Amino acid sequence: MAPRSAEVSRKTKETEISVSVHVDGTGRSEMATGVGFFDHMLDQLSRHSLIDMKVSARGDLHIDDHHTVEDCGIAIGQALSKALGDRRGIMRYASIDLAMDETLTRAAIDVSGRPFLVWNVAFSAPKIGTFDTELVREFFQALAQNAGITLHVTNHYGANNHHIAETCFKAVARALRMALESDPRQPDAVPSTKGSLKG
Ligand SMILES: [Mn+2]
């Protein structure tokens, strides 16, 4: 498999973001989005997917975190899609039930080229510290859309909202790691009867 890396820069009137990803990495992350809790979540995404990720963002945080979080999802998704190329030789499907203390969350992924998010996660509070819990969904919606992946996330149960958010990021990370792993039985094939995973 050729090295799977990409960089994306994206600038709008709301945000200026640069992202680099190395899919076959060790989970090294450098996050500077200006949103502390979000940096913590992106660190989890990188660490548990083993995708090296560098994200720097300058967004309109004087309004709120929404544009920055959503646009980071867009840019990371675009970088992943670019790095994956024609998606040859990947396992494609993966799922995990991920436990963290009292919380259990499932992520199921199809690296299909068809963007889709099914989101069954409810938070019991609107905020984690200063972070709006509804932005967790916004991030994954942008990620799925721009990475070209089908992503289902279900929180089975949990009490602590920090844990619920964190298990979403860790479960998606771990499922991504498995789905993007090279398939030793068909290392040169695109795993689709259509012959294409580019949507
Ligand atoms: Mn944490």
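Residues numbered from 1 in each chain as written. Predicted model: local features only at pLDDT ≥ 70, side-chain atom pairs only at ≥ 80, totals over all residues. Heavy atoms only, no water.

Participant: So what's going on with the sheet that holds strand β3 (residues 29–32)? Which residues, and what values?
Facilitator: In spatial order, the strands read β1-β2-β4-β3; together these four strands make up an open sheet with mixed pairing. With partners counted over all chains shown, the strands left at the sheet margins are β1 (5–11) and β3, one partner each. For this sheet, the mean angle separating the axes of adjacent strands, direction not counted, is 5°. Two elements, β1 and strand β2 (residues 15–22), share seven bridges in a ladder whose sense is antiparallel. Bridging from a neighbouring strand, Ser 5 pairs with His 22 of β2. Along the sheet face, helix α2 (residues 66–84) touches β1, β2 and β4 (52–59) and points at about 35° away from the line of β2. (Pairing = 2+ DSSP bridges. Helix = DSSP H or I, 4+ residues; strand = E, 2+ residues; numbered from the N terminus. Axes fitted to C-alpha atoms, helices over the stretch in contact; angles between N-to-C directions. Contact = heavy atoms within 4.5 Å.)

Participant: An account of the side chain of Ser 192 is requested, with residue identities and associated values reported.
Facilitator: Within the secondary structure, Ser 192 is located in the segment after α4 (161–180). Engagement of the side chain of Ser 192 in a polar contact is seen with the backbone oxygen of Ser 196, the distance being 3.5 Å. Other than its neighbours up to four places away in sequence, Ser 192 contacts Arg 92 and Leu 197. (Polar contact = N/O pair within 3.5 Å; in protein donor to acceptor, adjacent residues only side chain to side chain.)

Participant: Tell me about the pairing of β2, and name the residues and values.
Facilitator: Only one face of β2 is covered, namely the face carrying Thr 15, Ile 17, Val 19 and Val 21; the face carrying Glu 16, Ser 18, Ser 20 and His 22 is uncovered. Turn length for the β1-β2 hairpin, with the two strands adjacent in sequence and antiparallel, is three residues. Pairing geometry for β2 and β4, over eight bridges, is antiparallel. Within β4, the residue paired with Thr 15 across the bridge is Gly 59. (Buried < 20%, exposed > 50% of the residue type's maximum accessible area, 1.4 Å probe, protein only.)

Participant: Could you give an account of the sheet that holds strand β10 (residues 150–157), with specific residues and numbers?
Facilitator: Taking strand neighbours across the sheet as the criterion, the four strands line up as β5-β6-β10-β7 in an open arrangement whose pairing is mixed. What marks the edges here is a single partner per strand, and that holds for β5 (93–100) and β7 (116–120). The mean angle between the axes of side-by-side strands here comes to 10°, regardless of whether they run parallel or antiparallel. The sheet contact formed by β7 and β10 spans five bridges and is parallel. Bridge pairing links Phe 116 to Thr 150 in β10. The sheet strands contacting helix α3 (residues 134–147) are β7 and β10, and the helix crosses β7 at an angle near 160°. Against the sheet, α4 engages β5, β6 (103–110), β7 and β10, with an angle of about 150° to β5.

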